[in-house]
Amino acid sequence: MKLLPKKREKTGSVPARGSSMFNEVFNDFQFGMDRLFDRFFHDPWATPGSRNGWGGWTGVGGGIHPSLDVIDGEKELTVKAELPGVDPNELDITVSGNLLVISGQKRDSREEKHSAYYRSERMFGAFERRVELPSTANSEKVHADFKDGVLTVRVEKHEGVKPKKIPLHP
Amino acid sequence: MSTQTLTKESRGPAVNEGLRAGTRWYVPAVDITETDEELLLVAELPGVKPEDLDIQYQGGELSITGQVTPSYPPNARFLLSEYAAGGYSRSFELGETIDSARISAEHKDGVLTLRLPKIEAVKPRRITVKAG
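Residues numbered from 1 in each chain as written. Chains lettered and ligands numbered in written order. Predicted model: local features only at pLDDT ≥ 70, side-chain atom pairs only at ≥ 80, totals over all residues. Heavy atoms only, no water.

Colleague: Provide a residue-level description of the overall build of chain A, including the pertinent values.
Modeller: The helix and strand tally for chain A stands at one helix and eight strands. Put simply, chain A runs from its N terminus to its C terminus through helices and strands in the order α-β-β-β-β-β-β-β-β. Relative to its full complement of 170 residues, chain A shows a buried share of 34%. Put simply, 51% of the contacts in chain A that link residues at least 6 apart link residues at least 24 apart. (Helix = DSSP H or I, 4+ residues; strand = E, 2+ residues; numbered from the N terminus. Buried < 20%, exposed > 50% of the residue type's maximum accessible area, 1.4 Å probe, protein only. Contact = heavy atoms within 4.5 Å.)

Okay, structure coming up:
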């Protein structure tokens, strides 16, 4: 798919250095767009929201954006993040105040001898997600585990957090 | 060096047959690469336990199905919900080019790695010319 016509064969003259550089960058951009459109049209399953790199994992500028679920339970808050292929040693979980930060690196361990690519949908790179925890969260009591590519962070709730009734004075 | 082993992709059997009606099915992200010796398929299946993973190669078709058991209570209150629990399914037509007896699978950190060795007949062969 071509988005814009190519103007290369316009004249026989050699283009200025600056403009040829521009062409290269532009072509890279166009290649990226072609890939994006090809993926969209050639793979009808690649609907937004499906997890083939088009949805959850694709970030702006080539970064990755793991999907999160945050559940407000009776005794604890549960944060789940999908991080398939992330080495647990490259995963950082920090809590400061009521801000939970999940960050890390997802490395591409593909072997270079594999030269022919049929599909290349997985995304690699650095990621960071920030979650503001509700005031009921006790940031001193946080537990995390990583299993089958899903990170689960459990944050206990402060005891005795009950809704306080405010009387109205007419 | 590519021998066009992967011919086309087909719908997942689980999706076609409507297994476990009501569950969501996702298309897992995959990388598929090829060498002279094998096809290497890497699929991302976060949340799938190894025992809930079903891989089949039959009649030249490879299918991968992973079930995910939702771990949330039915009345869970979501503050943020970016992914709903669901299974994964995807199939590929490889033709009769894979030595099915030697297929090996590894599952780690939510990533499935499948090694699909080619049968001898489709491997590229180097012909040595004897000096006369």
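Structure's up, so let's keep going.
Colleague: Account for the sheet that holds strand β4 (residues 99-106) of chain A, naming residues and giving values.
Modeller: All names here are of chain A. The strand order across the open sheet built from three strands is β3-β4-β6, with neighbouring strands paired in antiparallel fashion. Strand pairing shows two members of the sheet lacking a second neighbour, β3 (91-96) and β6 (125-132), which therefore form its edges. Here the strands of the sheet are splayed against their neighbours by 15° on average, with no regard to which way each runs. As paired strands, β4 and β6 are joined by eight bridges and run antiparallel to one another. Of the residues in β6, the one forming a bridge with Val101 is Arg130. (Pairing = 2+ DSSP bridges. Axes fitted to C-alpha atoms, helices over the stretch in contact; angles between N-to-C directions.)

Colleague: Account for the confidence of the model for chain A, naming residues and giving values.
Modeller: With 58% of its residues at a pLDDT of 70 or more, chain A shows a mean pLDDT of 70. The low-confidence segment residues 1-61 of chain A, where pLDDT is below 50, has 76 contacts with residues more than four positions distant or belonging to other chains. (pLDDT = per-residue confidence, 0-100.)

Colleague: Can you break down the environment of Arg122(A) residue by residue, with the values?
Modeller: Position of Arg122(A) among the secondary structure elements: in the loop between β5 (116-120) and β6. Here the alpha-carbon distance between Arg122(A) and Gly85(A), two residues 37 residues apart in the chain, equals 9.6 Å. A polar atom in the side chain of Arg122(A) sits 3.0 Å from the side chain of Glu44(B). (Polar contact = N/O pair within 3.5 Å; in protein donor to acceptor, adjacent residues only side chain to side chain.)

Colleague: Lay out the pairing of β4(A) with the relevant residues and their values.
Modeller: All names here are of chain A. Most of β4 is tucked away: six of the eight residues are buried. Where β3 lies against β4, six bridges are found, and the strand directions are antiparallel. Along β4, the bridge assignment pairs Ser96 with Leu99. In this structure, the hairpin formed by β3 and β4 is closed by a connection of two residues, where Gly97 is found at a positive phi of approximately 65°.

Colleague: How would you explain unusual backbone geometry if you had to name every residue and give the values?
Modeller: All names here are of chain A. Here Asp148, not a glycine, exhibits a phi torsion of approximately 50°, which is positive. Along the chain, the position of Asp148 falls in the loop between β7 (137-147) and β8 (150-157). Using a relative accessible area of 14% as the deciding quantity, one classes Asp148 as buried.

Colleague: Account for the sheet that holds strand β10 (residues 111-117) of chain B, with residues named and values stated.
Modeller: Across the sheet, five strands lie side by side as β5(A)-β3(B)-β4(B)-β10(B)-β9(B); this open sheet has antiparallel pairing. With partners counted over all chains shown, the strands left at the sheet margins are β5 of chain A together with β9 (104-108) of chain B, one partner each. Strand-to-strand, the axes of this sheet are offset by a mean angle of 10°, without reference to chain direction. Across four bridges, the pairing between β5(A) and strand β3 (residues 30-34) of chain B is antiparallel. The residue of β3(B) that forms the bridge with Arg119(A) is Ile32(B).

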